[in-house]
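Each chain, written out:
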Amino acid sequence: MLIPLVAASAARGRRTPERYAAWLGAVRRLRDEWQRGDRPAPGRLGDYLAEMPEEQQREALGDLVGEHLKLAWQTGRGSTLDAYAAALRQAPAGAGLHEPPADLVEEEFLARHARPHGDAPGLEEYERRFPGRADVSRRLSARLLAGGRFVLLRRRGLGAFGEVWQAWDRRGERFVAVKRLRPEHARDGEVLARFENEAHRTANLDHPAIAGVMERGEDGAGAPFLVLRWAPGRTLAARIAEGRRDGAEEGGRGAPRDRLLASFVTLCRAIAHAHERGVMHGDLKPGNVM
């Protein structure tokens, strides 16, 4: 069990369901079919556009390709956008893949960092494949820290002043957590001082149940960031909810309760360690414990 500095889920934007019902339905259908074992080849993605308004097909195909890329690399069957462009050259809106938008190139870049099958490409490959595409370089460069060592994959936490990303450490070949200031606060002197104080205090903690600071650095704009041990798994809040369901089925006794109590004891010991060193968490709740 680890206690991340921030664990609140970041809200994701959603398209209006009424207008994009066929579009959203096509992406869900692809995902569901893949999970059932019916894994279509890239050339079949055009079939999902049949019931979609023509003006939506080009962008919808991009979404389908992005989803297919993610699923394929997760299962070791991934390829690049070049293969999709060749396979879909006869599909409606398929011509757009020959000069793919920057966000779709970014989707491929992130999909290729899936473990254990991804090949974790560097920025250099994309600069060779997409020469003169400043939009692609800007998007991918924004995902890189410390000269490309850390690749920001997904934003997993959002606080009042900071954000936490799951990142891939290319040198250590491992997932890490990167905490940094939100862009709108990166130049705020008071917030910067608080961030540095937190980094200093957290670095003095040494407990297996606390996600301590592994490294510190600055991004290309000079804003600080922290690299912490990645905390996988579910939150304690989810474990409690699961324990309640299991406990109800088992008459409120047995293993679920014992597992939760063991987790709670570990949590207490970790917090005691922090308190002994003059550090308070500030937002301790089941949703902020992994």
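Residues numbered from 1 in each chain as written. Predicted model: local features only at pLDDT ≥ 70, side-chain atom pairs only at ≥ 80, totals over all residues. Heavy atoms only, no water.

## A look at helix α2 (residues 54-74)
Note the cut-off: A run of H or I in DSSP becomes a helix once it reaches four residues, and a run of E becomes a strand once it reaches two; helices and strands are each numbered from the N terminus. One fewer than the residue count of a helix, multiplied by 1.5 Å, yields its expected span. One fitted axis covers the seven residues ending at a residue, a second covers the seven starting there, and the bend at that residue is the angle between these axes.
Compared with an ideal rise of 1.5 Å per residue, which puts 21 residues at 30 Å, α2 spans 31 Å between its outermost C-alpha atoms and is within 8% of the ideal. Along α2, the helix axis deviates most sharply at Ala-60, where the bend reaches about 30 degrees. In the stretch just after α2, Gly-76 is the one whose phi turns positive, near 85 degrees.

## Regarding the confidence of the model for the protein chain
Rule in force here: Confidence of the prediction at every residue is given by pLDDT, a number between 0 and 100. Here, two residues are considered to be in contact whenever any of their heavy atoms come within 4.5 Å of each other.
For the protein chain, per-residue confidence averages 86 on the pLDDT scale, and 90% of positions sit at 70 or higher. Long-range and interchain partners of residues 1-13, a stretch whose pLDDT sits below 50, account for 50 contacts in this model, where long-range means more than four residues apart.

## Comments concerning the sheet that holds strand β4 (residues 174-181)
Selection rule: At least two DSSP bridges between two strands are required for those strands to pair.
Ordered by their spatial adjacency, six strands build an open sheet running β1-β2-β3-β4-β6-β5, and the pairing between neighbours is antiparallel. What marks the edges here is a single partner per strand, and that holds for β1 (144-145) and β5 (213-218).

## Re the packing of helix α4 (residues 102-111) against helix α6 (residues 134-141)
Applicable threshold: Lines fitted to C-alpha atoms define the axes here, with helix axes fitted over just the stretch in contact, and angles between the N-to-C directions of these axes take values from 0 to 180 degrees. Roughly parallel means an angle under 35 degrees; roughly antiparallel means over 145; roughly perpendicular covers 65 to 115; every other angle is labelled oblique. A crossing counts as left-handed when the near helix is turned anticlockwise from the far one by less than a right angle, and as right-handed when that turn is clockwise. Put simply, Ala, Val, Leu, Ile, Met, Phe, Trp, Tyr, Cys and Pro go in the nonpolar bin, Asp, Glu, Lys and Arg in the charged bin, and everything else, Gly too, in the polar bin.
Running from N to C, α4 and α6 cross one another at 45 degrees; their axes reach a closest spacing of 9 Å. By the criterion of interaxial angle, the relationship of α4 to α6 is oblique. In this structure, the crossing between α4 and α6 has a hand that is right-handed. In contact with Ala-102, Asp-103, Val-105, Glu-106 and Phe-109 of α4, α6 contributes Asp-135, Val-136, Arg-139 and Leu-140. Considering only residue class, the contact of α4 with α6 consists of five nonpolar, no polar and four charged.

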